[in-house]
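# Commentary on secondary and tertiary structure
Residues per chain are reported as follows:
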Amino acid sequence: MIMGGRVVDPSQNMDRQVSLVVEDDRIAGLGGLPREGDRVIDATGKLIFPGLIDMHVHLREPGMTDAEDVRSGTLAAAAGGFTTVVCMPNTKPVMDRKEHLDILFDAIQKHALVRVVPSAAISLGLEGRRLTAIEKLAAMGVKVLSDDGIGTENMALLHEALGRAASLGLPVLTHCEDHGLRGRGVMHAGDCAERMDISGMSSESEYRAVHKAIDCNRKARAKLHIQHVSTRETVEAVLRAKEMDIPISAEVTPHHIYLTDANVEQSWTDSGPDPNLKMNPPLRSEDDRRSLLRGLADGSLDVIASDHAPHSREAKKSGFIQAPFGVIGLETTLPLVLQLAEDGHLGLSEALRTMTVAPAAILGLEAGTLVSGMPADITIVDPDEVWNVVPSNLQSRSKNSSFLGWKLKGKAVCTIVGGKIVYRAGI
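Residues numbered from 1 in each chain as written. Predicted model: local features only at pLDDT ≥ 70, side-chain atom pairs only at ≥ 80, totals over all residues. Heavy atoms only, no water.

## Topic: the sheet that holds strand S20 (residues 420-424)
Spatial ordering of the open sheet is given by S3-S2-S7-S18-S19-S20, a layout of six strands whose pairing is mixed. Each edge of the open sheet is held by one strand with a lone partner, namely strand S3 (14-17) and S20. If you compare each strand with its neighbour and ignore which way they point, the axes differ by 25 degrees on average. In the sheet, strand S2 (residues 6-9) pairs with strand S7 (residues 47-50) via two bridges, with the strands oriented parallel. Note that in S7 the partner of Arg6 across the bridge is Leu47. Here helix H1 (residues 70-79) sits on the sheet in contact with strand S19 (407-417) and S20, set at roughly 85 degrees to S20. The strands touched by helix H13 (residues 333-342) are S7, strand S18 (378-388) and S19; relative to S19, the strand with the most contacts, the crossing angle is about 120 degrees. (Pairing = 2+ DSSP bridges. Helix = DSSP H or I, 4+ residues; strand = E, 2+ residues; numbered from the N terminus. Axes fitted to C-alpha atoms, helices over the stretch in contact; angles between N-to-C directions. Contact = heavy atoms within 4.5 Å.)

Written as structure tokens, this is what we have:
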């Protein structure tokens, strides 16, 4: 039994102080007093949430375990309050066939601390030429398709993938990018890039690809999900698609909500801009950032996801131009989302919905709720704990956070998966 805390569960429109009863691996109900022999967690002064879901995570296993692996990545997830993560397929080898996925499933079974939902690639090798055997992958338990890391520019192939996914009920998580328009850009194409004489990535390279993906889904009517939205035009395109009843959902990351290309310029030192501010899509303009906040508020954007993309210190030390794209985020997402609520951009329940109810519905998971009978996936949060984002405070194997040096408020102090405590600190 968890007692003394404030239970906030958007799935039940609940926000009140009440005890939460867990029996074995399930939620047993609300209210009451502990019985003799019950284990009690005192959550006085804490928030109790349904276990958080991050539907965009790179665990790097197999093939890139110098940056992260299933064990270290799920430890970071648990420390960040996440009980379920969806891992992307752009590993080495790519998750595009049974024998490759078997490697990942084995690692998950042996080492995962939280629930891991693997995504399979849309195309073989993520090359955009030939579809994977989607039906066979689904039969072996794959629940998600994605082209993350590269994107699919072959619209005929994407249309076929959406049609097959629709017949199977699989969501398709797509990285929308026109590589021709992107060129060799490494940051947002704007005044900051011009002043620094750095090649820019246009907003058009994202939203043109989004328009094409939406057009593909007019007839296919699959569960199309747009990953890491970064531009005003993309937000507008998603909203129009929803108004036209085209099935679509979209996510935004904390770094795109809080940072802009001005932060890249301001980070300039003798060695250039901070490589921990380099990601794809890049940090955009202030106008784009404000549009993302409006998109969360009006429902255009459904989900906040970390796009946790670990890279080793050595890889990021190569400088802004040469460093790989990507930043970590599993351990900083929760406090940054809580800050959105504290600043009045979203209500607490609305903010929490983006990491519980919404991703659970998109992914078709039995998760994101504290309804009686559901899996006992629970996140207990100290909303008042202030902590510094420094490498020694991060559980991820990699430390490439855009928020290094920030002081954040709010932290998961107990993460429970299937009734078992997988992370505990300060409670």
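## Some words on the sheet that holds strand S12 (residues 171-174)
The strand order S8-S9-S10-S11-S12-S15-S16-S17 describes an open sheet built from eight strands, whose pairing is parallel. The sheet is open, and its two borders are formed by strand S8 (52-57) and strand S17 (303-304), each paired with just one other strand. Of the strand pairs in this sheet, strand S10 (residues 115-121) and strand S11 (residues 144-146) are connected by three bridges, and their pairing is parallel. Considered in S11, the bridge of Ser119 is made with Val144.

## Focus: the confidence of the model for the protein chain
On average, residues of the protein chain carry a pLDDT of 97, and 100% of them reach 70 or more. When pLDDT is averaged over each element of the protein chain, strand S9 (residues 82-87) comes out on top at 99 and helix H5 (residues 179-182) at the bottom at 91. (pLDDT = per-residue confidence, 0-100.)

## Some details on the packing of aromatic side chains
A ring pair, where both rings are aromatic, is described by two values, the distance of the centres and the angle of the planes. Inspection of every chain in the model, using the stated rule, returns three aromatic pairs. Considering the side-chain rings of Tyr258 and Trp406, the 6.3 Å spacing of their centres and the 85 degrees angle between planes classify their relative orientation as edge-to-face. Of this pair, Tyr258 sits in helix H9 (residues 254-258) while Trp406 sits in the loop between S18 and S19, placing them 148 residues apart in sequence. Ring geometry for Phe403 and Trp406: centres 4.8 Å apart, planes at 80 degrees, overall edge-to-face. Owing to a relative accessible area of 2%, Phe403 belongs among the buried residues under this scheme. For Trp406, a relative accessible area of 29% puts it in the partly exposed group. Among the aromatic residues, those joined into a cluster by ring pairs are Tyr258, Phe403 and Trp406. The ring centre of Trp387 lies 5.1 Å from the NZ or CZ of Lys411, which sits over that ring. (Phe/Tyr/Trp six-rings, centres within 6.5 Å; stacked < 30°, edge-to-face > 60°. Buried < 20%, exposed > 50% of the residue type's maximum accessible area, 1.4 Å probe, protein only. Lys NZ or Arg CZ within 6 Å of the ring centre and 35° of its normal.)

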